[in-house]
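Structural description and commentary
Here is what each chain is made of, one letter per residue.
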Amino acid sequence: MPIRILPDDLVDQIAAGEVIERPASVVKELVENSLDAGARRVQIDVEQGGVGLIRVRDDGSGIDPGELALALARHATSKIRSQDDLGGVVTLGFRGEALPSMASVSRFRIVSCLRGAERGAEISVAGGAVTPVAPAPPVPGTTVEVRDLFYNVPARRKFVRSTATEIGAILRLVERLALARPEVAFRLRHGERILLETHAAAGTDPDPRATRIDAVLGPEFRAQAIPISASAGPVAVSGWIGAPTAARARADLQFCFVNGRPVRDRLLMNAVRLGYRDVLYHGRHPGYVLDLAIDPTRVDVNAHPQKLELRFRESREVHDFLFRAVERALAPSRRVEVMPLQSDALRIAEADPRGAFDWRALAPTPVGTGPAPRLDHAAPVANPGLGPPGSEHPLGRALAQLHGIYVLAETVDGLILVDMHAAHERVLYEQMKRNLDTGSIPTQRLLAPLSVALRPHEIDHVLESAADWERAGFELERLSPTELVVRAVPAALAREDLGALLRAAVADLETGDARHHLDGAAHRLLGTLACRAAIHAHRRLTLTEMDALLRQMEVTERADQCNHGRPTWARIGLKDLDRLFLRGR
Ligand code: ADP
Ligand code: MG
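The present account deals with the structure reproduced in this document. (Residues numbered from 1 in each chain as written. Chains lettered and ligands numbered in written order. Predicted model: local features only at pLDDT ≥ 70, side-chain atom pairs only at ≥ 80, totals over all residues. Heavy atoms only, no water.)

Let us look at the site of ligand 1. Residues in contact with ligand 1 amount to 20 residues; listed here are only the nearest, Asn 33, Thr 77, Ser 78, Lys 79 and Gly 96. Between Ala 98 and ligand 1, the recorded distance is 3.3 Å, taken from a backbone N or O atom to an oxygen atom. A distance of 3.3 Å separates a nitrogen atom of ligand 1 from a polar side-chain atom of Thr 142. Considered on its own, ligand 1 offers 540 Å² of accessible surface; in the complex 92% of this is hidden by protein. If you map ligand 1 onto the pockets, it falls in the largest pocket. (Near = heavy atom within 4 Å. Polar contact = N/O pair within 3.5 Å; in protein donor to acceptor, adjacent residues only side chain to side chain. Areas by Shrake-Rupley, 256 points an atom, 1.4 Å probe, with all protein chains shown as cover. 1 Å grid on protein atoms, 1.4 Å probe; cavity = no way out; pocket = protein on both sides within 12 Å on 5 of 7 lines; lining within 4 Å. Sits in = over half its atoms within 2 Å of the grid points.)

Attention shifts here to the environment of Val 133. Considering the arrangement of structural elements, one finds Val 133 in the loop between β5 (129–130) and β6 (134–136). When its relative accessible area of 39% is taken as the criterion, Val 133 is described as partly exposed. Put simply, Val 133 and Glu 122 are 11 residues apart on the chain and 5.6 Å apart in space, counted from C-alpha to C-alpha. Every residue in contact with Val 133, bar those within four places of it in the chain, is listed here: Pro 65, Leu 68, Ala 121, Glu 122 and Ile 123. (Helix = DSSP H or I, 4+ residues; strand = E, 2+ residues; numbered from the N terminus. Buried < 20%, exposed > 50% of the residue type's maximum accessible area, 1.4 Å probe, protein only. Contact = heavy atoms within 4.5 Å.)

Strand pairing in a sheet takes place through backbone hydrogen bonds and is either antiparallel or parallel in direction. The strand order across the open sheet built from five strands is β10-β11-β14-β12-β13, with neighbouring strands paired in mixed fashion. Strand pairing shows two members of the sheet lacking a second neighbour, β10 (225–232) and β13 (261–263), which therefore form its edges. Strand-to-strand, the axes of this sheet are offset by a mean angle of 20 degrees, without reference to chain direction. Here strand β12 (residues 254–258) pairs with β13 via three bridges, running antiparallel. (Pairing = 2+ DSSP bridges. Axes fitted to C-alpha atoms, helices over the stretch in contact; angles between N-to-C directions.)

Quick look at the layout of surface pockets now. Over the atoms, a rolling probe the size of a water molecule traces out where space has been left empty. In this structure, the largest pocket occupies an estimated 800 Å³ of space. Looking at the lining of the largest pocket, the elements with two or more residues in it are α2 (23–36), β2 (53–58), α3 (68–71), α5 (98–104) and β7 (141–147). At five residues, α2 tops the list of elements feeding residues into the lining of the largest pocket. Class assignment of the residues belonging to the lining of the largest pocket gives a composition of 15 nonpolar, 10 polar and 10 charged. (Points joined across faces, edges and corners; volume = space filled by probe spheres on them. Nonpolar A, V, L, I, M, F, W, Y, C, P; charged D, E, K, R; others polar.)

Before going further, it helps to examine the nonpolar core. In terms of nonpolar packing, the biggest core is built from 61 residues, with Phe 108 and Phe 186 touching the most fellow members. If one sorts the elements of this core by residue count, helix α7 (residues 163–180) sits on top with nine residues. Each of domain 1 (8–198) and domain 2 (218–330) gives at least three residues to this core. Every residue in contact with Phe 108, bar those within four places of it in the chain, is listed here: Leu 72, Leu 99, Met 102, Ala 103, Ile 123, Ser 124, Val 125, Val 144, Glu 145 and Val 146. Val 235, Ala 271, Leu 292 and Phe 323 belong to the second largest nonpolar core, which has 36 residues in total. (Core = buried A, V, L, I, M, F, W, Y, C linked by side-chain atoms within 4.5 Å. Domains from an automatic or database assignment.)

As structure tokens, then:
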């Protein structure tokens with residue numbers, strides 16, 4: 001075939017492939033245009049999952065009738081003029097491709113009127129033919145209609161999924177935009193049904209973002225989330241991050257906005273993930289709504305046709321900033337999540353909404369920074385009698401061990417249940433990690449070196465990460481193909497059955513069964529050791545040992561979850577007990 005320049009309408013269709021993938025992409029481009037036009041109300045009407053009709057109506061600035069035809073031309077935009085502007089884009093659009101792309105793959109109509117103008121204007125496109133601009137009634141704002149999407153591109157049309165799938169994608173998209181702009185009212189309607197309706201934030205609302213989150217995601221999200229707010233130089237982050245124990249099986253509650261633009265940027269998502277690294281149960285995903293504000297000249301939004309990925313000038317710094325901010329917000333988390341309620345009595349109490357347990361009404365737990373004392377299983381200190389439990393101990397005084405698994409403690413205003421293994425595991429892990437981070441793991445040389453029998457490949461595995469074992473406080477050496485000799489261990493583990501501990505830890509690491517969401521080999525090793533060294537079920541504890549555990553939890557960061565992200569303790573207040581027994585009503 002001879003070389004030829006492609007006809008314009010074919011060029012448009014090819015270009016449309018990049019921005020208009022499915023009905024939700026149309027909604028995205030149209031609503032973003034409305035937001036860029038300063039709209040306060042955006043109404044989206046959809047028929048047949050978006051294939052029949054998508055209509056977006058706004059009360060924004062409108063388009064001058066004289067520019068209406070131009071708005072449909074390729075690379076025509078009012079949002080940037082020069083290379084310089086591209087360096088600091090503050091609008092959602094700027095590439096001037098959306099309208100011509102849509103117009104080339106649908107029956108397209110746009111009606112617009114400038115604010116205060118005496119009349120509006122409209123223009124339509126179908127099958128490559130543009131109608132002349134015609135007058136329209138003076139309704140300020142812009143309405144765009146996209147009908148019969150992909151009617152002339154059968155290849156695309158085939159990729160459109162079921163109505164339910166497409167409308168689901170549209171709903172998620174509108175939710176994202178609604179979360180990004182609390183000051184704008186949104187309404188999404190599919191046929192006769194209103195799928196989403198949010199009001200513009202009232203001027204008197206002290207926290208419009210919170211109100212909008214509750215309206216879009218339901219109040220459950222914030223009820224179990226932790227507020228976050230941090231800034232450093234040109235970047236700031238604010239929003240809510242879900243408690244680790246409320247993590248979900250799917251990553252469907254993750255919202256990130258950069259300068260008001262919804263993004264799904266890998267760098268940012270990884271940073272958040274890393275912030276959760278040792279508090280998340282394996283395979284679970286945290287929920288979050290995060291707003292990142294950054295000097296627009298330090299971020300390139302033109303890295304992706306749909307602008308979901310960004311390029312940061314100082315990507316390392318932005319990543320580390322976000323990671324630390326999330327980690328810090330999670331560290332002192334003092335929440336205990338709602339546990340599945342099992343017994344009938346508890347269910348009765350739960351049935352009455354006002355009588356429901358308030359598991360979250362916790363006495364604040366002081367979070368110390370100093371080194372935690374070792375849990376001393378042997379110290380023969382008497383339990384301080386049966387007086388009222390001291391109010392200086394938020395986790396109270398141990399009363400009993402239940403079923404070899406739980407510690408029951410009495411506090412000034414109720415009782416506490418502790419999962420002793422989970423709690424001890426966290427205490428040990430935080431202790432070892434702190435030492436690792438400060439490079440000062442107290443080690444203990446063994447009087448007689450200990451020989452541990454392992455299989456040859458297991459020994460290989462250990463020696464491959466010899467540096468991590470060393471950093472963690474071990475001194476190890478291969479004695480023979482099946483024997484590892486241990487000369488020193490972290491002091492925290494000195495009293496354990498070291499042979500069994502090492503064999504179990506090596507097996508965990510080998511099978512990748514460590515199941516910790518811990519970052520880096522050294523931390524994974526510590527997590528495994530902590531899990532293996534922590535008191536296991538059915539070990540009898542004395543009251544003194546139980547009290548020692550409670551006191552250590554009180555000074556340990558992240559003591560509310562074990563390394564796998566499960567809660568370590570729960571509280572039942574006196575009020576809850578009173579309610580349970582219908583006292584004082
Ligand atoms: P871009 O948004 O990248 O500028 P578009 O093709 O989406 O490109 O839109 C082209 C131009 O049409 C915009 O720059 C804007 O001037 C105008 N426009 C589109 N939609 C609207 C709207 N809802 N309200 C006001 N102006 C609009
Ligand atoms: Mg646009």
